[in-house]
Structures are given as C-alpha cells and as structure tokens.
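Commentary on secondary and tertiary structure
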Amino acid sequence: SLSAGLDLPGRFLFATLTLMTLIAILVFIEEAVYIYRKIPSSKRSIIIWINAAAPVISTTSCIGMWVPRSTMFTDFTAGIFFAIVIHKFLMMMIKECGGQKVLLRRFENGHFTITTGPCCCCCLCLPRVPITRQTLFWLKLGTFQFAVFRPVLVFLSIVLWTNGNYVLYNVSPKGPALWISCFIGALTLCALWAVGIMFRKVRILLKCKNIIPKFALYQFIVILNHLQTTIINIFATQKIIPCAPPLSSTARGSYIAQQLLIMEMFLITVISRVVYRRKYHDLEPPECVAEEPGDKKQTP
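Conventions adopted
Residues numbered from 1 in each chain as written. Predicted model: local features only at pLDDT ≥ 70, side-chain atom pairs only at ≥ 80, totals over all residues. Heavy atoms only, no water. UniProt positions renumbered as here; feature names shortened; annotations may be inferred. Salt bridge = Lys/Arg side-chain N within 4 Å of Asp/Glu carboxyl O. Helix = DSSP H or I, 4+ residues; strand = E, 2+ residues; numbered from the N terminus. Phe/Tyr/Trp six-rings, centres within 6.5 Å; stacked < 30°, edge-to-face > 60°. Buried < 20%, exposed > 50% of the residue type's maximum accessible area, 1.4 Å probe, protein only. Disulfide = S-S within 2.5 Å. Axes fitted to C-alpha atoms, helices over the stretch in contact; angles between N-to-C directions. Parallel < 35°, antiparallel > 145°, perpendicular 65-115°, else oblique. Left-handed = near helix turned anticlockwise from the far one by under 90°. Contact = heavy atoms within 4.5 Å. Polar contact = N/O pair within 3.5 Å; in protein donor to acceptor, adjacent residues only side chain to side chain. Expected span 1.5 Å × (residues − 1).

Identification of the protein as OSTA protein from Cardinalis cardinalis is taken from an unreviewed UniProt entry. A UniProt comment under Subcellular location (unreviewed entry) is attached to the protein, and it reads "Membrane".

The following block contains the structure:
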C-alpha cells in the first residue's frame with residue numbers, strides 16, 4: 001500500500017478520491033432502488049447494468065489506487081464488466097423501441113447504414129443493409145461475442161501472468177501480451193461498431209427518451225476507460241511520464257490513470273442519475289406504419 005509513504009497533501013487527495021468513490025456507490029444504490037420501483041421489469045435489469053458501469057470502474061480504480069499490486073486484477077474486472085455493459089446498451093436501444101418484433105415493424109422497409117465508426121466510417125461505398133431479423137441477430141452477436149470472449153481472454157492473461165509469461169507493458173511480438181491486446185482491440189471495435197449502427201438508426205425515434213445524452217455518456221466511458229488509459233500507459237512505458245520514487249514510470253502512469261478515472265466516473269455517475277431518472281412516455285404503437293393506404297380511409 002502507498003498510504004504509509006504519503007505526505008499530507010497526498011493523504012488528502014487519497015481521502016477525497018475515496019470519498020468520491022463512496023458517494024458514487026451511494027448514488028448508484030439510490031438510483032438502482034428507484035429503477036427497481038419505477039421501471040418496468042422488462043427494462044429494469046438492463047438499465048441497472050448500464051448505470052453500474054461508472055461506479056464499478058470508479059471502485060476498481062480506487063482499489064487499484066490504494067493497493068497498487070492489484071492493478072492488473074482491478075483493470076481486468078472493470079474491462080469484463082464494461083464488455084457486458086456494451087451488450088446491454090445495444091439491448092436497451094432495442095427494448096426502448098418496444099422490443100425486437102416492434103422494432104422490425106417500425107422499420108419494415110428500412111435499412112441499416114453500416115458506414116459508421118469506429119470500423120467503416122470512411123468506407124462510403126458499402127451498401128445499406130435491410131433491417132431484418134437476421135441483421136438484428138448479427139448486431140446482437142457483434143456485442144455478445146465481446147461479452148463472452150473478453151472474460152475468456154482475461155482469464156488466459158491471468159493464468160499466463162501467474163506463470164510469469166504475461167507482462168502487461170511488454171509490446172514485444174514474442175510475448176503474449178501484444179497479441180492478446182490486439183485481439184481484444186479487434187473484438188472491442190466490432191462491438192462498438194454494432195452499437196454505432198443501431199444508434200444511428202434509432203436516434204431520431206428515441207430522441208424523446210434522451211437516447212443521445214445516454215449514448216454520449218456511454219461513449220465517454222468507452223473513451224476514458226480505454227483510450228485515455230491506453231495513452232497514459234504508452235506515455236509511461238516510453239518514460240514520458242517520469243518516475244517518482246517509490247513509483248516507477250509504469251506504476252506512476254497507472255496511478256495517474258486511476259485517479260483521473262475516479263473523478264471522471266464520479267461525474268458520469270451523477271449525470272447518469274439525472275438522465276436516466278427522468279420519466280419518459282412510451283412510444284406510439286407502430287400500427288400507423290404497418291397500415292396500408294386503403295386502411296387509413298376506413299372509419300372506425
């Protein structure tokens with residue numbers, strides 16, 4: 001633990017960040033109770049999972065801050081949890097449209113635009129894909145595979161790490177860390193691509209349910225938890241972040257990333273409570289879309 005070697009400002013910083021983590025947990029518990037009481041059972045667990053992403057990442061970062069040796073386990077735990085949250089966010093968009101059957105009726109003759117980030121935003125020549133049961137299955141599979149394979153790869157990494165074969169910051173082609181990280185990166189891009197395709201189609205329909213702020217919060221968690229942490233770790237590996245005894249460059253980089261995540265996830269937890277706590281009206285049933293032009297002329 002680093003607490004024994006901290007000066008007074010360091011202890012104050014640790015105490016403040018720990019208090020922010022505890023507040024984030026309490027805010028989430030209060031929000032989970034509200035969701036359990038007010039939200040229909042079909043959406044309840046999905047929304048609780050999504051709201052739990054920021055508090056869980058904040059908690060794992062706080063544990064890693066106090067116990068630096070646990071950093072690998074806390075990072076892997078946060079990564080596994082968020083892999084599940086990505087799949088849950090896609091399922092939430094489908095649920096908010098009324099479920100898969102209703103969504104297919106609403107967009108009976110519609111198409112998915114697959115030229116979206118992070119995979120194919122520059123491939124403008126790609127065709128639009130009809131919205132069918134099969135295409136919805138492939139989108140769900142795109143996020144589900146990440147929720148399944150990420151824990152498997154994490155378990156493999158921990159097994160190799162305990163045997164001394166896995167070094168987190170070793171980017172040598174001969175080591176397994178580089179290949180496992182590249183494979184996880186490819187799976188992550190596929191999962192984010194599936195969510196992006198679905199969001200691009202339903203964002204206008206679900207605008208009344210604040211899907212754009214919800215998606216923005218989800219994107220912020222992706223960027224901060226993955227991209228920001230990766231950039232800081234690269235700076236630490238290249239010695240751009242100097243060592244500060246008793247911390248090495250890599251340990252100090254991890255230390256900085258965890259402190260930033262605690263503050264950022266605290267803010268996201270508070271904002272998520274405001275966004276998800278609002279009462280939204282259900283969408284109009286899609287009968288008007290499914291009706292034939294001749295049916296509209298008939299009077300009840």
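**Remarks on the pattern of salt bridges**
The final tally for this structure, using the stated rule, is six salt bridges. Of the charged contacts, one joins Glu-31 and Arg-277 as a salt bridge, the two residues approaching to 3.2 Å between their closest N and O atoms. Of this pair, Glu-31 sits in helix H1 (residues 8–38) while Arg-277 sits in helix H8 (residues 249–277); the two residues are 246 residues apart in sequence, bridging distant segments of the chain.

**A look at unusual backbone geometry**
Even without glycine at this site, Asn-210 takes up a positive phi of about 55°. When you line up the elements, Asn-210 lands in the loop between helix H6 (176–202) and helix H7 (211–237).

**A look at the environment of Pro-68**
Residue placement: Pro-68 occurs in the loop between helix H2 (41–66) and helix H3 (71–96). Separated by 184 residues in sequence, Pro-68 and Arg-252 place their C-alpha atoms 9.8 Å apart.

**Structural notes on the UniProt feature "transmembrane region" (unreviewed entry) in the protein**
Listed under "transmembrane region" (unreviewed entry) in the UniProt record, and renumbered for this structure, are residues 12–34, 46–67, 73–91, 137–161, 176–195, 215–236 and 256–276. End C-alpha atoms of residues 73–91 are separated by 28 Å, and the span's content is 100% helix alongside 0% strand. Between the end C-alpha atoms of residues 176–195 there is a gap of 29 Å, over a span that is 100% helix and 0% strand.

**Focus: the packing of aromatic side chains**
Each aromatic ring pair is specified by the distance between its two centres and by the angle formed by the two planes. Under the criterion given, the structure shown has 10 aromatic pairs. Note on Phe-14 and Trp-66: the rings are 4.8 Å apart at their centroids and 90° apart in plane angle, and the pair reads as edge-to-face. With Phe-14 in helix H1 and Trp-66 in helix H2, this residue pair connects regions lying 52 residues apart in the sequence. Ring centres of Phe-215 and Tyr-218 lie 5.4 Å apart, and the angle between their planes is 40°; on these two criteria the pair is classed as tilted. Separated by three residues within a single helix, Phe-215 and Tyr-218 lie in helix H7, roughly one turn from each other. For the pair Phe-215 and Tyr-218, one class covers both residues: buried. An aromatic cluster is defined as three or more aromatic residues linked by ring pairs; in this entry it consists of Phe-82, Phe-89, Phe-199, Phe-215 and Tyr-218.

**Quick word on the environment of Val-152**
With respect to the helices and strands, the residue Val-152 is situated in helix H5 (residues 133–162). Sequence separation between Val-152 and Ile-80 is 72 residues; the distance between their C-alpha atoms is 9.4 Å.

**Description of the state of the cysteines**
A covalent bond between the sulfur atoms of two cysteines is referred to as a disulfide. Enumeration over the complete set of coordinates arrives at zero disulfides. Left unpaired, Cys-97 is separated from the closest cysteine sulfur, that of Cys-208, by 9.5 Å.

**Points about the packing of H3 against H6**
With their axes 10 Å apart at the nearest point, H3 and H6 run at an angle of 20° to one another. Classified by the angle their axes make, H3 and H6 are roughly parallel. For the pair H3 and H6, the sense of crossing is left-handed. Between H3, through Ile-86, Phe-89, Leu-90, Met-93 and Ile-94, and H6, the contact on the second element is made entirely by Ala-191, Leu-192, Ala-194, Val-195, Met-198, Phe-199 and Val-202.

**A closer look at the side chain of Glu-31**
Its relative accessible area of 1% is what places Glu-31 among the buried residues. There is a polar contact of 3.2 Å between the side chain of Glu-31 and the side chain of Arg-277. In this structure, Glu-31 is in contact with Asn-51, Arg-273, Tyr-276 and Arg-277, ignoring residues within four places of it in sequence.

**Let's talk about H5**
In a regular helix each residue adds 1.5 Å, so 30 residues correspond to 44 Å; H5 covers 44 Å between its end C-alpha atoms and thus fits that length. Considering only its buried residues, H5 is in contact with H3, helix H4 (100–106), strand E1 (111–112), strand E2 (129–130), H6 and H7. Just past H5, the residue Gly-164 takes up positive phi, approximately 85°.

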